[in-house]
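# Descriptive structure summary
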Amino acid sequence: GNSISGAITIPSGCIGIGEKAFDNCDKITSVTVPATTTSIGASAFADCALLAALNFATLADGTEPNLVLEGSIIDSDPKMTGITITNAVKTIYYSSSNSSNNTFSGLTSPFTVTLQSDKVTATKTDVAGGTFFSFKNNGTATSPNTLNVVVAKGVTTIPADMFSENASLSRT
């Protein structure tokens, strides 16, 4: 086990959170990422049993976004019920060659995505399918997975492919 617990605030000045940096940290409950962070590596916050919130900075008006999110930054975090994509997020990547590399994977339904910026881009690193959001279990007609999408006032564009090709969502 590890001794990291509770609410974690990444210090200002930290420019990167590496791959699997907090993987399996079962006692952290929330993480706040400063505006100085420019990248979060794959599986950085995967398998964190108590993680309920991953908070990205909100930048001052006119500041260009600089945060890049890699594959599976959250994965199988059962207390996580939503994520807010703030104006600090520049690019969301995932590798569609491996379903475990969806940016937000192993989600528990219902899950809410709040989009607060239209400057974010969603980019596949492999063109052959995949998704940015995937649930731990496949939805069914009687028990569908629910991905709630909230678009904040002032957002005029939803990134191409952001919610496409999502096999774990039930379509009705």
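Conventions used here
Residues numbered from 1 in each chain as written. Predicted model: local features only at pLDDT ≥ 70, side-chain atom pairs only at ≥ 80, totals over all residues. Heavy atoms only, no water. Helix = DSSP H or I, 4+ residues; strand = E, 2+ residues; numbered from the N terminus. Areas by Shrake-Rupley, 256 points an atom, 1.4 Å probe, with all protein chains shown as cover. Pairing = 2+ DSSP bridges. Axes fitted to C-alpha atoms, helices over the stretch in contact; angles between N-to-C directions. Contact = heavy atoms within 4.5 Å. Polar contact = N/O pair within 3.5 Å; in protein donor to acceptor, adjacent residues only side chain to side chain. 1 Å grid on protein atoms, 1.4 Å probe; cavity = no way out; pocket = protein on both sides within 12 Å on 5 of 7 lines; lining within 4 Å. Points joined across faces, edges and corners; volume = space filled by probe spheres on them.

### Some thoughts on the overall build of the protein
Regarding its fold elements, the protein presents zero helices and 15 strands. Roughly 8,100 Å² of accessible area belongs to the protein as shown, and the carbon and sulfur atoms make up 51% of that amount.

### Some words on the sheet that holds strand 14 (residues 133–135)
The sheet built from four strands is open, its strands ordered 5-8-11-14 with parallel pairing. One side of each edge strand has no neighbouring strand; the edge strands of this open sheet are strand 5 (45–46) and strand 14.

### Description of the sheet that holds strand 15 (residues 147–151)
Picture the strands of a sheet paired through backbone hydrogen bonds; they go either parallel or antiparallel. With parallel pairing, the three strands of this open sheet are ordered in space as 9-12-15. With partners counted over all chains shown, the strands left at the sheet margins are strand 9 (82–85) and strand 15, one partner each. When the angles between neighbouring strand axes are averaged without regard to direction, this sheet yields 15°. Here strand 9 pairs with strand 12 (residues 111–115) via four bridges, running parallel. Bridge pairing in strand 12 links Thr-84 to Thr-114.

### Concerning the side chain of Ser-43
Structurally, the position occupied by Ser-43 is in the loop between strand 4 (39–40) and strand 5. Beyond its immediate chain neighbours, meaning those up to four positions away, Ser-43 contacts Lys-20, Asp-23, Gly-71, Ser-72 and Ile-73.

### A closer look at the side chain of Ser-117
Within the secondary structure, Ser-117 sits in the loop between strand 12 and strand 13 (121–124). Of note is the side chain of Ser-117, whose polar atom sits 3.0 Å from the backbone nitrogen of Lys-119. Those residues in contact with Ser-117, other than ones at most four positions away along the chain, are Ile-85, Thr-86, Asn-87, Val-155 and Thr-157.

### Observations concerning the layout of surface pockets
Roughly 160 Å³ of volume is contained in the largest pocket. Along its surface, the largest pocket is lined by 13 residues, and Asp-61, Gly-62, Asn-87, Ser-117 and Lys-119 are the ones closest to its centre.

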